[in-house]
Amino acid sequence: MHRLRPLHLLLLPLSLSLLMLAACGEDDPTPTPLPEGEPEGQPEAQPEGQPEAQPEGEPEGEPEGEPEPNMDVETCRQTCAAVAACPEFIDACGQEVADGLVPECQQACVDDEATRGQILAAAGLPCDVVVPLAIDGFGLSEVCGVGPVCEALESDYLPGADDQWPACISDDDDYHPFDMTISSIGRVAGFEAIADLLWRVEGAPDAEAFIQARDIYATGEGLDSRVQRREDEHYPPVMDAMGNALRCRDEGVPALGPERCVGPGLILPILNDAFQQGILGQRPLVQAARIEAALLWFLYVSTHKEAVTCTDTKKDCDSTYAYYTGGVPRDQGLGLAAAIKALAPDTHDRVWDGILAVRCWRDLDSADVATNLAQRDLAVEQLDVALLNGLSLLIIDRVQAMADLPADQADASWAGLQILGGILDREATARDGQRAEALRAELAKERAENPDLAVITGTLRAIFPCP
């Protein structure tokens, strides 16, 4: 399967790298000894007449000011030593760097209760997941020889670069529409207007905001008109008993294949319920988050779908461009593009390259019905890989932010994350079924069940490593 070749994992803040450090301790109960002299504050010798051994249960080397033995702190400190002992860490960074990591990590265990809890909660993640996170989180990428970029495949289209694609209309790094009027731009504008009413506001939106947002959503030829018929081209068409393809917009068909009929079968029920509950004042923050996630799902699947159906309808390529960008240049972005660009400009650029790859293919394969489906598939997959990686980064960012949110906002964020996470399940299962199963299990939990956020972020980093 075509995908970018990982050379690193994106730079993470210190708190996330610490959150993941517990991984290697599970299989290595004996911690690496602390560096000599760590920590300060212990007496050099016992007073005369006192036993030389530490009192039972008190860990050696506890820093000055620790009021009493704290086994959570000690366990946390042991996992810091354990991750530095991971062969992957030593191979990448060397023994000296590994030893130097220990005191910094261990001091964080003492200084910050929240960080300590996150480390303890992350126990069980394997070294191959936790080590790259630790390297980037501590700013060791250069020291450890981990490069800052992901490398494109030889088959990727790179506008204006020396690639394997013939010269085409996209080489000037601009999108050239087939039709100067692109109706899909108006649907992304509708998304932006709904955002200003429901989730880009201070506090919870009121009933009137949901009513206005529902009116925008239901505008003629707007978002609702396309949600009700949107098909996901990742799945085969729904067929009748005679082997004829059925349309998802027809009554009864969505129930026969909800994954293919993603709009009416899966997205529409979420939107209808969330608008209704929001108008009734039922958990408005949660309903706003559900609406945002469902519409982002629609924008993602529409970007992919229109690239495929451009095979026999050229102007659908324009909709691919519009559903992602909102009709603005590469250095800007609305809708899904705004969400990805704000987090990961490199990933946003990779999506743009994929959009231009689709347009390049259709320029080179210019008959009314395209015939070079192999080249089409290369372009569509280049685009889809970048989109999926962008969504994974969006989810990781929101998972990280949950720890600092008030309870009502965390509930809302989790409701949206459960929807967004589901978008990745198909590709995650194809890449790594075991990890995908673990991801599904965590996303299926209610927030009150304390889903393991470390497992979610670690799993996504492992399955979707590149921008």
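Up top is the structure.
What you see is a predicted model; the values in this text were computed from it and never measured.

Before going further, it helps to spend a moment on the overall build of the protein chain. Scanning the protein chain for helices and strands turns up 20 helices and 0 strands. Each of the 467 residues in the protein chain was classed as buried or not, and the buried ones make up 49%. Of the contacts made within the protein chain by residues no fewer than 6 positions apart, 73% connect residues no fewer than 24 positions apart. Surface summary for the protein chain: the accessible area is close to 21200 Å², and the carbon and sulfur share equals 50%.

Let us now look at the pattern of salt bridges. On inspection of all chains with the given rule, the structure shows 23 salt bridges. The partner of Arg-290 in a salt bridge is Asp-273, and the shortest N-O contact between them spans 2.8 Å. Of this pair, Arg-290 sits in helix α12 (residues 284–309) while Asp-273 sits in helix α11 (residues 262–279); the two residues are 17 residues apart in sequence, bridging distant segments of the chain. For Asp-273, a relative accessible area of 29% puts it in the partly exposed group. Of the charged contacts in the structure, one is a salt bridge between Glu-292 and Arg-398, with a shortest N-O distance of 2.9 Å. A residue pair is termed long-range when its members are at least 10 positions apart, and Glu-292 in helix α12 and Arg-398 in helix α16 (residues 373–402) qualify at 106 residues. One connected set of salt bridges, linked through shared partners, spans Asp-173, Arg-330, Asp-349, Arg-350 and Asp-353.

So, on to the packing of α12 against α16. Between α12 and α16, the shortest axis-to-axis distance is 9 Å and the interhelical angle comes to 165°. One element, α12, and the other, α16, form an angle in the roughly antiparallel class. Between α12 and α16 the crossing geometry is right-handed. Note on element contacts: α16 touches α12 through Arg-376, Val-380, Leu-383, Asp-384, Leu-387, Leu-388, Leu-391, Leu-394 and Arg-398, opposite Glu-292, Leu-296, Tyr-300, Thr-303, His-304, Ala-307 and Val-308. Looking at the contact of α12 with α16 residue by residue, the class counts come to 10 nonpolar, 2 polar and 4 charged.

Moving on to a negative patch on the surface. Where like charges cluster on the molecular surface, the negative patch consists of Asp-72, Asp-111, Asp-112 and Glu-113. Of note, Asp-111 is situated in helix α4 (residues 95–111). Overall, the relative accessible area of 57% leaves Asp-111 in the exposed class.

A few words now on the side chain of Glu-231. Counting through the fold element by element, Glu-231 comes out in the loop between α9 (223–227) and α10 (253–256). A polar contact is formed between the side chain of Glu-231 and the backbone nitrogen of Cys-248, at a distance of 3.2 Å. Among the polar contacts listed, one links the side chain of Glu-231 to the side chain of Arg-260, at a separation of 2.9 Å. When sequence neighbours within four positions are dropped, the list of residues in contact with Glu-231 reads Leu-246, Arg-247, Cys-248, Arg-260, Val-262, Val-301 and Lys-305.

Summed over all chains, the structure comprises 5 disulfides. Across the disulfide from Cys-248 sits Cys-261; the S-S distance is 2.0 Å. Residues Cys-248 and Cys-261 are joined through a disulfide that is left-handed, its torsion about the S-S bond being -75°. With a gap of 13 residues between them, Cys-248 in the loop between α9 and α10 and Cys-261 in the loop between α10 and α11 connect regions that are remote in the sequence. We classify Cys-248 as buried; its relative accessible area is 2%. Across the disulfide from Cys-310 sits Cys-317; the S-S distance is 2.0 Å.

The next subject is helix α17 (residues 407–423). For α17, built from 17 residues, the straight-helix expectation of 24 Å at 1.5 Å per residue is met to within 8% by its first-to-last C-alpha distance of 25 Å. The complete set of buried residues in α17 reads Ala-410, Ala-412, Ser-413, Trp-414, Ala-415, Gly-416, Leu-417, Ile-419, Leu-420, Gly-421 and Ile-423. Its buried side turned inward, α17 meets α11, α12, α16, α18 (425–431), α19 (433–443) and α20 (453–463).

Trans is the prevailing form of peptide bonds, just as negative phi is the prevailing case for residues other than glycine. The phi angle at Glu-221 is positive, at roughly 60°, despite the residue not being glycine. Within the element layout of this structure, Glu-221 appears in the loop between α8 (207–217) and α9. Here the phi dihedral of Arg-283 falls at roughly 45°; this positive angle occurs in a residue that is not glycine. With respect to the secondary-structure elements, Arg-283 resides in the loop between α11 and α12. Under the relative-accessibility criterion, Arg-283 is labelled exposed at 52%.

As for its position among the elements, Pro-177 is in the loop between α6 (127–137) and α7 (184–198). Assessed through its relative accessible area of 28%, Pro-177 is described here as partly exposed. A C-alpha to C-alpha distance of 9.8 Å links Pro-177 and Ala-322, two positions 145 residues apart in sequence. Apart from the residues within four sequence positions on either side, Pro-177 is in contact with Ile-182 and Asp-318.

Turning our attention to the environment of Lys-305. By the secondary structure assignment, Lys-305 is in helix α12. Distance from Lys-305 to Asp-316, taken between C-alpha atoms, is 8.7 Å for residues 11 residues apart in sequence. Discounting chain neighbours no more than four positions away, the residues touching Lys-305 are Arg-230, Glu-231, Glu-233 and Asp-316.

What counts, and at which threshold
- Residues numbered from 1 in each chain as written.
- Predicted model: local features only at pLDDT ≥ 70, side-chain atom pairs only at ≥ 80, totals over all residues.
- Heavy atoms only, no water.
- Helix = DSSP H or I, 4+ residues; strand = E, 2+ residues; numbered from the N terminus.
- Buried < 20%, exposed > 50% of the residue type's maximum accessible area, 1.4 Å probe, protein only.
- Contact = heavy atoms within 4.5 Å.
- Areas by Shrake-Rupley, 256 points an atom, 1.4 Å probe, with all protein chains shown as cover.
- Salt bridge = Lys/Arg side-chain N within 4 Å of Asp/Glu carboxyl O.
- Axes fitted to C-alpha atoms, helices over the stretch in contact; angles between N-to-C directions.
- Parallel < 35°, antiparallel > 145°, perpendicular 65-115°, else oblique.
- Left-handed = near helix turned anticlockwise from the far one by under 90°.
- Nonpolar A, V, L, I, M, F, W, Y, C, P; charged D, E, K, R; others polar.
- Patch = residues over 30% accessible without salt bridge, like charges linked within 9 Å, V, L, I, M, F, W, Y side chains within 5 Å.
- Lys, Arg positive; Asp, Glu negative; His and termini not counted.
- Charge placed at Lys NZ, Arg CZ, Asp CG, Glu CD.
- Polar contact = N/O pair within 3.5 Å; in protein donor to acceptor, adjacent residues only side chain to side chain.
- Disulfide = S-S within 2.5 Å.
- Expected span 1.5 Å × (residues − 1).

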